[in-house]
Amino acid sequence: MTHTVPTLPLPDFAHERVEVITGRRSGLFITVALHSSVLGSALGGARLWTYPHWSDALGDALRLSAAMTLKNAAAGLDAGGGKSVIALPPGTTLDADRRRAAFLDLGDAVESLHGLYRTAEDVGSTTDDMLVVSERTEHVVGLPDTVGGSGEPAGPTSLGVYESLRATLERVAGTADVEGRRITISGLGQVGSRLAVRLSAEGARLTVTDVNPAKRDLAAELGADWVSPGEEHLVPADVFVPAGIGGLLTDEVIDALDAKAVCGPANNPLADHSGAARLAGRGILYAPDFVVNAGGVIYLDLEAKQLGTRTEIMERVGQIGDTVRRIFDEAESRGVTPLEAAEGLAAERLAAGGRQPALAR
């Protein structure tokens, strides 16, 4: 794992609690950021990634946990926002023993919050890693199917992105049909790959890229055009889909972006919050990331709480497209960006939560 996360602005510090440790088994920097438990026990994944410095990993956890509060609130879940990060120094490769040690250390860090935060797999981690975490804490969701867990959430996430993309196409192309539409996907990880396969099967004209050149094989299988990373935003598209690590949409990228809309699963794709207004100024419709990519967390939370069958839960995930439509309507009627409209939806939910932060007891 050699790719790093771009440095993004830190959010205002409004977190309830942040734990920072050096793992006693692994020796790695680990942080658990609890942003809000107003709506219930926080839920957010565990990221394993390479960072230039431990402070970059901490900043990523702060940003991602704040985004999870928005995501869970806008999705209507009784769950707060949190995130955990295991940071790898540049050039570090984990063998099996040290990887296991890292996730045991994470389990101890999660347990120290006594149920205020539940973790799950995320970028760089797997359901098998969560099984290791479960040896140290019960506050973990998304365990493998083989042990009766809910399994990999990338499928539900991909479904939510697909329905969001259809809602976005309705606004910019007049129809939700993807056949013949030009769609660029930047990032072919678990979610991006699933989305690419589905869109290709439905006749979309795909352009794809990934920092991993081996993903060119998938592009060839799908008949998709491949471009070098860093050039994908220059390709004319109906919808540009950021599906990798956040921060892709810098001012420079936005100014050169040749797309009618942006709709994708990447967390924090805007390098700066002002990017939403910059996109709007160019007439590019933006579907807010924390609404678009909420399928996985909806699935994990409802599965863990046994609130419906899997079929019923997936139907709930499929309704994300309707939420995107409501946000577009609200933005248009109020004369604000879709990001502002979505943040307003989350803020209303938080204000009406009727609960004090758990740590205020």
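Whatever comes next refers back to the structure up there.
Residues numbered from 1 in each chain as written. Predicted model: local features only at pLDDT ≥ 70, side-chain atom pairs only at ≥ 80, totals over all residues. Heavy atoms only, no water.

*Asks:* What's the story with the pattern of salt bridges in this structure? I'm lost.
*Replies:* Close approach of charged atoms allows side chains of opposite charge to pair. Scanning all chains against the criterion turns up 26 salt bridges. Residue Glu 135 pairs with Arg 100 through a salt bridge whose shortest N-O separation is 2.8 Å. One end of the pair, Glu 135, is in the loop between helix 3 (127–133) and helix 4 (154–173); the other, Arg 100, is in helix 2 (residues 96–111), and 35 residues separate them in sequence. By relative accessible area, Arg 100 is classed as partly exposed at 37%. The residue Arg 118 makes a salt bridge to Asp 301 at a minimum N-O spacing of 3.0 Å. Placement of Arg 118 in strand 6 (residues 117–118) and of Asp 301 in helix 10 (residues 295–304) is noted, with a sequence separation of 183 residues between them. Members of the salt-bridge network, linked through shared partners, are Arg 47, Asp 60, Arg 63, Lys 83 and Asp 122. (Salt bridge = Lys/Arg side-chain N within 4 Å of Asp/Glu carboxyl O. Helix = DSSP H or I, 4+ residues; strand = E, 2+ residues; numbered from the N terminus. Buried < 20%, exposed > 50% of the residue type's maximum accessible area, 1.4 Å probe, protein only.)

*Asks:* Sorry, what's going on with the nonpolar core here?
*Replies:* Across soluble globular proteins, you tend to see nonpolar side chains buried next to one another. Counting 73 residues, the largest nonpolar core has Leu 165, Ile 185, Leu 199 and Leu 206 as the members making the most contacts within it. For this core, the element with the most residues is helix 4, which contributes seven residues. Ignoring sequence-local partners within four residues, the contact set of Ile 185 consists of Gly 192, Leu 195, Ala 196, Leu 199, Leu 206, Thr 207, Val 208, Thr 209, Val 241 and Ala 243. Formed by 24 residues, the second largest nonpolar core is a distinct cluster that contains Ile 30, Val 32, Leu 94 and Tyr 117. (Core = buried A, V, L, I, M, F, W, Y, C linked by side-chain atoms within 4.5 Å. Contact = heavy atoms within 4.5 Å.)

*Asks:* Explain unusual backbone geometry to me, please; I cannot follow it from the model alone.
*Replies:* Glycine aside, residues mostly have negative phi angles, and peptide bonds mostly take the trans form. In this model, His 114 sits at a positive phi of 55°, which is unusual for a non-glycine residue. Take His 114: it is sitting in the loop between helix 2 and strand 6. According to the relative accessible area criterion, His 114 is exposed, its value standing at 65%. Not every positive phi belongs to a glycine, and Gln 306 is a case in point at roughly 55°.

*Asks:* Please explain the packing of helix 10 against helix 11 (residues 310–318) as it appears in this structure.
*Replies:* Helix-helix packing is described using two parameters, namely the angle between the two axes and the distance between the axes. Remark: helix 10 packs on helix 11, axes separated minimally by 9 Å, with the N-to-C direction vectors making an angle of 150°. Relative to helix 11, helix 10 is oriented roughly antiparallel. The handedness of the crossing between helix 10 and helix 11 comes out as right-handed. Facing helix 10, whose interface residues are Gly 295, Ile 298, Tyr 299, Leu 302 and Glu 303, helix 11 presents Arg 310, Ile 313, Met 314, Arg 316 and Val 317. Its residues placed into classes, the contact of helix 10 with helix 11 shows six nonpolar, one polar and three charged. (Axes fitted to C-alpha atoms, helices over the stretch in contact; angles between N-to-C directions. Parallel < 35°, antiparallel > 145°, perpendicular 65-115°, else oblique. Left-handed = near helix turned anticlockwise from the far one by under 90°. Nonpolar A, V, L, I, M, F, W, Y, C, P; charged D, E, K, R; others polar.)

*Asks:* Any chance you could explain the pairing of strand 8 (residues 205–209) here in plain terms?
*Replies:* Within a regular strand, side chains alternate between the sheet's two faces. Burial of strand 8 is extensive: four of the five residues sit out of reach of the surface. Note: strand 7 (residues 182–186) against strand 8, five bridges, orientation parallel. From the neighbouring strand, Thr 184 faces strand 8, where its bridge partner is Thr 207. In this fold, the crossover linking strand 7 to strand 8 by way of helix 5 (residues 190–201) has right-handed handedness. Strand direction decides the pairing type here: strand 8 and strand 9 (residues 225–226), joined by two bridges, are parallel. Looking at the pairing, Thr 207 lines up with Asp 225 of strand 9. (Pairing = 2+ DSSP bridges. Right-handed = clockwise from strand over helix to strand, strands pointing away.)

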